[in-house]
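# Chain and residue survey
Letter by letter, the chains look like this.
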Amino acid sequence: MIEVKAVSKSFGEVKAVKEVTFTAPDHQVTALLGANGAGKTTTLRMIYALITPQTGEILIDGVNPKEHPEKARKLLGVLPDTRGLYKRLTARENIEYFGKLHGMSDIDIKNRTASLVEDLRMQEFIDRKTDGFSQGQRVKVAIARALVHDPQNIILDEPTNGLDVMSTRGVRRFLEKEKQRGKCILFSSHVMQEVAAVSDEILIVSDGTIAARGTEQSLMELTKATNLEDAFVHIVTNGEGHE
Amino acid sequence: MNKQIITVMLKEIKDNMRDKKSLMSSVIMGAVFMPVMFVAMMNFMVSMQKDKAEKQLEMAIQGSANAVSFISHIKTQGVKIKEFNGNPTLAIENKDEEAVVVIPENFAEKFEAGVPAKIEVYYDATAKGTTNMTQQRIKSLIKTYGTTIGMTRLQLRGISPSLLNAVVVEEHDVSTTQSKGAMLLSFLPYALILGLFIGSMYLAIDTTAGEKERNSLEALLLNPIKRSHLLTGKLFATMTFGLITMVVTLVTFKLVMPFMPLKELGMTVNLGFKNIGILVLVLGPLAIMAASLQTIIATFSKSFKEAQTYVGLLMLIPGIPSFALMFLPLKEKLWMMLIPILSQNLIINQIMRGEEVRATAIIAAIIGSLLVGLLLALLAIKLYNRESLLFSD
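Residues numbered from 1 in each chain as written. Chains lettered and ligands numbered in written order. Predicted model: local features only at pLDDT ≥ 70, side-chain atom pairs only at ≥ 80, totals over all residues. Heavy atoms only, no water.

Turning our attention to the side chain of Ser189(A). Inspection of the secondary structure assignment puts Ser189(A) in strand β7 (residues 184–189). There is a polar contact of 3.2 Å between the side chain of Ser189(A) and the side chain of Glu194(A). (Helix = DSSP H or I, 4+ residues; strand = E, 2+ residues; numbered from the N terminus. Polar contact = N/O pair within 3.5 Å; in protein donor to acceptor, adjacent residues only side chain to side chain.)

Another aspect to go through is the interface of chain A and chain B. Across the boundary between the two partners, chain A contributes 28 residues, which contact 27 residues of chain B. Summing the contributions of chain A and of chain B, the shared interface buries around 2,700 Å²; its carbon and sulfur component is 57%. Counting the contacts that link chain A with chain B gives six salt bridges. Here Asp19(B) and Arg88(A) are joined by a salt bridge, their closest N and O atoms 3.1 Å apart. Counting every contact that joins chain A to chain B gives 13 residue pairs in polar contact (both at pLDDT 80 or more). Counting only elements with at least two residues in the side of chain A that touches chain B, the list comes to α2 (69–74) and α3 (91–101) of chain A. No other element matches the five residues that α3(A) contributes to the side of chain A that touches chain B. Residue composition of the side of chain A that touches chain B, grouped by class: eleven nonpolar, five polar and twelve charged. (Contact = heavy atoms within 4.5 Å. Buried area = accessible area lost by both parts, 1.4 Å probe. Salt bridge = Lys/Arg side-chain N within 4 Å of Asp/Glu carboxyl O. Nonpolar A, V, L, I, M, F, W, Y, C, P; charged D, E, K, R; others polar.)

This part covers the domain arrangement of chain A. Residues and elements named next belong to chain A. When its domains are assigned, chain A resolves into domain 1 (1–75 + 151–163 + 172–208) and domain 2 (83–150). The centre of domain 1, based on its C-alpha atoms, is set 23 Å off from the matching centre of domain 2. In this assembly, 18 residues from domain 1 lie in contact with 14 residues from domain 2. Here domain 1 meets domain 2 over a buried area of about 1,300 Å², counting both sides, of which 52% is carbon and sulfur. Sorting the residues of domain 1 by area buried against domain 2 places Pro151, Arg173 and Phe174 first, and these three jointly supply 41% of that buried surface. Along the contact surface separating domain 1 from domain 2 lie three salt bridges. Linking Asp150 and Arg181 is a salt bridge whose minimum nitrogen-to-oxygen distance equals 2.8 Å. Taken together, domain 1 and domain 2 are joined by six residue pairs in polar contact (both at pLDDT 80 or more). Residue assignment for the side of domain 1 that touches domain 2 shows that the elements contributing at least two residues are α2, β6 (153–157) and α6 (165–180). Top element by residues in the side of domain 1 that touches domain 2 is α6. It accounts for four residues. (Domains from an automatic or database assignment.)

Attention now goes to the pairing of strand β3 (residues 28–34) of chain A. All names here are of chain A. Within β3, seven of the seven residues are buried, which leaves it mostly tucked inside the rest of the structure. Side-chain alternation along β3 places Gln28, Thr30, Leu32 and Gly34 on one buried face and Val29, Ala31 and Leu33 on a second face that is also buried. Alignment of β3 against β7, held across six bridges, turns out to be parallel. Paired with Gln28 across the two strands is Cys184, which belongs to β7. With five bridges connecting them, β3 and strand β8 (residues 201–206) associate as parallel partners. Within the sheet, the bridge partner assigned to Leu33 lies in β8 and is Ile204. (Buried < 20%, exposed > 50% of the residue type's maximum accessible area, 1.4 Å probe, protein only. Pairing = 2+ DSSP bridges.)

This is the structure in structure tokens:
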């Protein structure tokens, strides 16, 4: 479970995140939906302790990442928005490296990699050097290495960005399975379709704040819209409807 | 040592061992190319000096019939006469001849009359190397001949030729091929230190600016590892490459030693196991300094290319003491041995001169370099801990 309480962050004059509060519980997919630059990535980066919030508090299964960054990261599996791999290493070696950094034993890494290869369907390229991988293959390896330690909490920043239909479906299927296993999944996206397809709760992020929250259904009822996109536009423009 | 540090170090070594470019640029360039270059340069220099001293002089002469006694005189000096017909200026411009001597038709006439008889020498003063030596030897031969004849004439008139020499200059040129060779050898410290810098350069860049450029840094930082441990692992990998390159450089030098014209230079350089051991001991601690300095610069750089430029410029720094010592001979003091790079220079020079290196000097050199290296490593780690590390671009 991830708890975010009144968290803010400014970069110089710019207030990127303002007093944001929300909870992403276990057994659920929570989505941060917002336009580019709305503050999604900054919020996520504060959760995984890459940047320190100026106010507020974050708890990951009760652990504050500001005070115990290493301990918090053990509870988290993160796919950041930059997902470069080591090109001279094979996909398996990329995953092993992160597993070792998590302090896992060789046997554990081997078993976990086998199950990730199965779930993400990476059999064909798992022992190839990652140089020249397709976007879809790269994201799969990046997800696998982020989740090699089988964390309870999973954060994904724009996971299906730039993926084709088949790869997107593969990632969605994987997330669905992880949810069934009781994981807390928090992801950010600007793609309405995707958010509507996979999330149990939607948080609409606009201008550094959470403008609205609810299920797809409740957000549409709230704004009297017939689809999520119209609801989203209605919320971020304060009911004016157009940009 | 911390297990995570070892994990990072082994990964960086494995990753870079697979990169032919980094292996080429460090080991091949630093460790093999440099010593071989060095030997080639030394041999070239020695053979050029030999040429000057020993090669038979060949003189292209036009109108040799006009000065029979001159010709027979220079023949006794071991000069080979080559008859020349044509345009002397053109022959030199076309590099057919290095110098041409022209004896005018009225030479004998003037010579017998006792008035200055002219011999023309054509040459190119801007020419380099052996050409320049040839013309100098020709002119000095002619001058010696003229002086000898002049003296004979004075003697015939009952005047002592020594009256002409009111003042004599006695030259004592103590420069020898040996001291010139020694000057070249004083470049050796730089070659060895440079090997170390070249060896660690590629990894310093690849593990920091490279990690950023290939967008793998953020994911890496998300692992439960302290940044100080992360960078320590990277520094160890970088140092390992520097040390490997240094040892390979030393071995290469040892292997090419027999091909150095040391005997011709009258030098005996003892690169035995003891001296190699001393070199490894005093150069080793420099690896920490080189790796840390390069890592600091690469961490600050926005891109791989920018890092390459700055880290490349850094390599000129270890050259400063080497060049300074070439021109400013320094009396070694113990405190100088505490200064990194300078101490290595001094100790390598001592070995080259065949002197015994004192234990105190070795210890001082190790302590000084280690201390500076560790301070720089701490600074590198401190810089790596900044929040802005990810966003500097």
